[in-house]
Structures are given as structure tokens and as C-alpha cells.
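Fold and contact review
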Amino acid sequence: MDKAGISQNSSVGAPLLNLKQRRSLLDCAKDHANWSVQDWHHVIWSDESGRHLGVLSKKPKVWRRSDERLVNNMTYPTNSANSSYVGYWDAISGQGVGPLFIIPHNTHMNAASFKSVMEEVMIPYYHSLSGHNIFQQYGARYHTAHSVLSFLKDQGVEVMKWPPQSPDLNPIEAVWNMLNISIDKQMKDTHSYQELERVVQEEWKKLDVRKILSCIDSMPSRCKNVIKNKGGYSGY
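So, how was this worked out
- By convention here, each chain's residues receive numbers from 1 onward along its written sequence.
- Local features in this predicted model are restricted to residues whose pLDDT is 70 or higher, and side-chain atom pairs enter the listing and the counts only when it is 80 or higher, whereas totals over whole chains, interfaces and linings include all residues.
- Note that water and hydrogens are dropped before the side-chain values are worked out from all heavy atoms of the structure.
- Runs of E in the DSSP output that reach at least two residues are strands. Runs of H or I that reach at least four are helices, and both are numbered from the N terminus.
- Burial classes: relative accessible area under 20% of the type maximum marks a residue as buried, over 50% as exposed, and values in between as partly exposed (1.4 Å probe, protein chains only).
- Every residue pair with non-hydrogen atoms within 4.5 Å of one another is taken to be in contact.
- Note that accessible areas follow from Shrake-Rupley with a 1.4 Å probe, and for residues the cover is restricted to the protein chains shown.
- DSSP bridges decide pairing: two strands pair if at least two such bridges lie between them.
- By definition, a salt bridge exists where a carboxyl oxygen of Asp or Glu is found within 4 Å of a side-chain nitrogen of Lys or Arg.
- Arc definition: directions from the helix axis to the C-beta atoms.
- Aromatic pairs are defined between Phe, Tyr and Trp rings, using the six-membered ring for Trp, whenever the two ring centres lie within 6.5 Å; interplanar angles under 30 degrees are classed as stacked, those over 60 as edge-to-face, and all others as tilted.

1. Some words on the overall build of the protein chain
Helix and strand content of the protein chain: eight helices and four strands. Helices and strands appear in the protein chain in the N-to-C order α-α-β-β-β-α-β-α-α-α-α-α. Burial status across the protein chain gives 42% buried among its 236 residues. Restricting to contacts in the protein chain with at least 6 residues of sequence separation, those with at least 24 account for 76%. Here the protein chain has roughly 14100 Å² of accessible surface; of this, 50% comes from carbon and sulfur atoms.

2. Looking at the pairing of strand E1 (residues 43–52)
E1 sits mainly inside the fold: eight of its ten residues count as buried. Pairing analysis gives two bridges linking E1 to strand E4 (residues 134–135), with the strands arranged parallel. When the sheet's bridge partners are listed, Val 43 is paired in E4 with Ile 134.

3. Let's talk about the pattern of salt bridges
What the rule picks out here adds up to four salt bridges. Of the charged contacts in the structure, one is a salt bridge between Glu 202 and Arg 198, with a shortest N-O distance of 3.1 Å. Of this pair, Glu 202 and Arg 198 both sit in helix H6 (residues 193–206), four residues apart, which is roughly one turn of that helix. According to the relative accessible area criterion, Glu 202 is partly exposed, its value standing at 36%. The partner of Asp 208 in a salt bridge is Arg 210, with the nearest N and O atoms 3.1 Å apart. You can call Asp 208 partly exposed: its relative accessible area is 26%.

4. Some words on helix H8 (residues 219–228)
Those residues of H8 that fall on the buried side of the exposure criterion are Met 219, Arg 222, Cys 223 and Val 226. When H8 is viewed along its axis, its buried side chains cluster within an angular range of 95° and face the same direction. Away from its buried face, by an angle of more than 90 degrees, H8 presents the exposed residues Lys 224 and Lys 228. Buried residues along H8 sit in contact with helix H1 (19–31), helix H2 (37–40), E1, helix H5 (172–187) and helix H7 (209–217). The positive-phi residue at the C-terminal boundary of H8 is Lys 230, with phi of around 55°.

5. Some remarks on unusual backbone geometry
One non-glycine residue, Asn 106, adopts positive backbone phi at about 65°. Examined against the element boundaries, Asn 106 turns out to sit in the loop between strand E3 (96–102) and helix H3 (111–128). Here Asn 106 falls in the exposed class, since its relative accessible area comes to 71%. Even without glycine at this site, Lys 230 takes up a positive phi of about 55°. Among the structural elements, Lys 230 can be located in the segment after H8.

6. Notes on the packing of aromatic side chains
In total, this model carries four aromatic pairs according to the counting rule given. Ring centres 5.4 Å apart and planes at 55° place the aromatic pair Phe 114 and Tyr 142 in the tilted group. In this pair, Phe 114 is assigned in helix H3 and Tyr 142 in the loop between E4 and helix H4 (146–154), connecting sequence segments 28 residues apart. In textbook terms, an aromatic cluster arises when at least three aromatic residues are bridged by ring pairs, as seen for Trp 35, Trp 40, Trp 45 and Trp 162.

7. So, the pairing of strand E2 (residues 85–93)
Along E2, eight of the nine residues are buried, which leaves the element largely enclosed by surrounding structure. As judged from the five bridges shared by E2 and E3, these two strands associate in the antiparallel manner. Paired with Asp 90 across the strands is Leu 100, a residue of E3. What sits between E2 and E3 in their antiparallel hairpin is a turn of two residues.

Quick look at the structure:
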């Protein structure tokens with residue numbers, strides 16, 4: 001198995017793609033097959049995510065005896081309370097790290113609350129960028145609500161048509177992975193919602209612009225792989 005390049009790895013969670021979703025993904029890849037890296041630099045990539053206090057993005061592996069399972073330095077802190085969750089909306093572009101907006105605690109995201117995020121955070125960012133840009137978002141119901149799309153159109157924002165299930169086509173997923181690794185390093189010394197909120201904001205600002213651009217620069221290759229896989233995953 002070693003000679004074949006096969007090794008033990010953690011499985012990766014991903015939504016199963018049905019035929020309709022694969023077609024949508026394939027159409028998107030084909031529509032943008034001739035886009036250059038510079039074209040992709042003018043896309044504002046966005047989505048929502050979040051972190052629970054005390055929960056690592058990946059469980060750390062430790063060497064221990066069977067009787068050391070709950071020894072302090074062999075465990076990581078957890079907090080099961082819903083009050084520990086810090087949700088956020090963020091964006092990146094070819095000009096690097098964009099805004100990160102902490103979603104107010106216990107906010108139920110709907111068209112009205114999402115429109116407020118667009119008005120307060122995304123619109124100023126969109127108009128601050130040079131050149132002609134296009135806004136990408138996933139197909140959540142409140143993303144595509146008539147009131148939201150009408151508002152964005154009135155604000156002069158061009159919205160990119162994007163397939164609803166495209167987990168490894170959007171480069172922001174790789175940027176989140178970088179962010180999560182940085183947050184994980186701070187988690188053991190983070191003991192409250194307010195501290196986690198601060199860590200999220202600080203680590204977002206510290207992200208390496210070169211690595212973000214590298215993720216965006218991979219878009220031609222991602223589209224090529226989706227086409228090769230007939231609407232399947234890009235492999236990123």
C-alpha cells in the first residue's frame with residue numbers, strides 16, 4: 001500500500017450530489033472554463049460559517065496509554081452550550097482578506113437579517129474595490145430571496161449565478177480551513193464567547209494574502225476537474 005501511495009487518512013464530510021446538482025455544477029464549470037486567473041480575482045467570494053467554544057475543527061491525536069484517556073494534557077476542552085457558538089459572514093477577493101461580520105448572538109438568519117449584513121458590510125466593501133466585480137454567494141433561501149436580490153440590484157451589485165451544492169469549488173472553503181487551524185491553536189486559552197469572538201476576528205485579519213490568492217488562482221484548475229469528472233467534485 002505504501003508503494004501505491006495509499007495511507008490512512010481521516011474521511012472528509014461532503015454532501016452527496018444528485019444528478020440535478022451535478023448538472024448544475026458541470027454547467028457552472030463549463031460557463032467559466034475560459035475565465036483567466038485575473039477574471040477570478042474580480043469575484044467576491046462569500047459565505048457564513050462559525051465556531052463553537054472549546055470545539056476543535058479537527059480532534060487532535062495524542063500518544064497515550066489506555067488508562068490516560070481523561071488525563072488533562074490528553075484531552076481538549078469542550079462546551080456543549082449553544083451560547084458558545086460564534087457565527088460569522090465573511091468574504092475574500094483578489095485583493096485579499098475582505099470583511100468578517102460577527103452575526104449577533106441568537107440571530108435567526110432570514111431575508112431581513114441577511115439584507116442588513118449586505119447593507120452594513122458587503123455593499124461598502126463591494127464599492128471600495130477597484131475595477132468591475134461580481135458577488136458570489138450560495139443558494140440559501142435568504143440569499144436568493146426577492147427582497148435581497150432586488151436590493152443588491154438597486155445597489156449596483158452584479159450577482160454571480162452559482163450552483164447550490166459546490167463544496168470544493170468555492171476557494172473560500174480552503175480559506176476557512178486556514179482560519180480554523182489558526183483558531184484551533186488559540187482554543188485552549190479561549191474561555192468565553194467574547195474571547196472566541198475576538199480570536200475569530202484577529203485570526204481572520206492575520207490570514208496570509210498570498211495563500212488566499214493561491215486559493216483563488218486555482219479556480220481554472222477546479223473548473224477543469226469538475227468538467228473532467230462530469231459534474232463531480234473538483235478534488236480540492
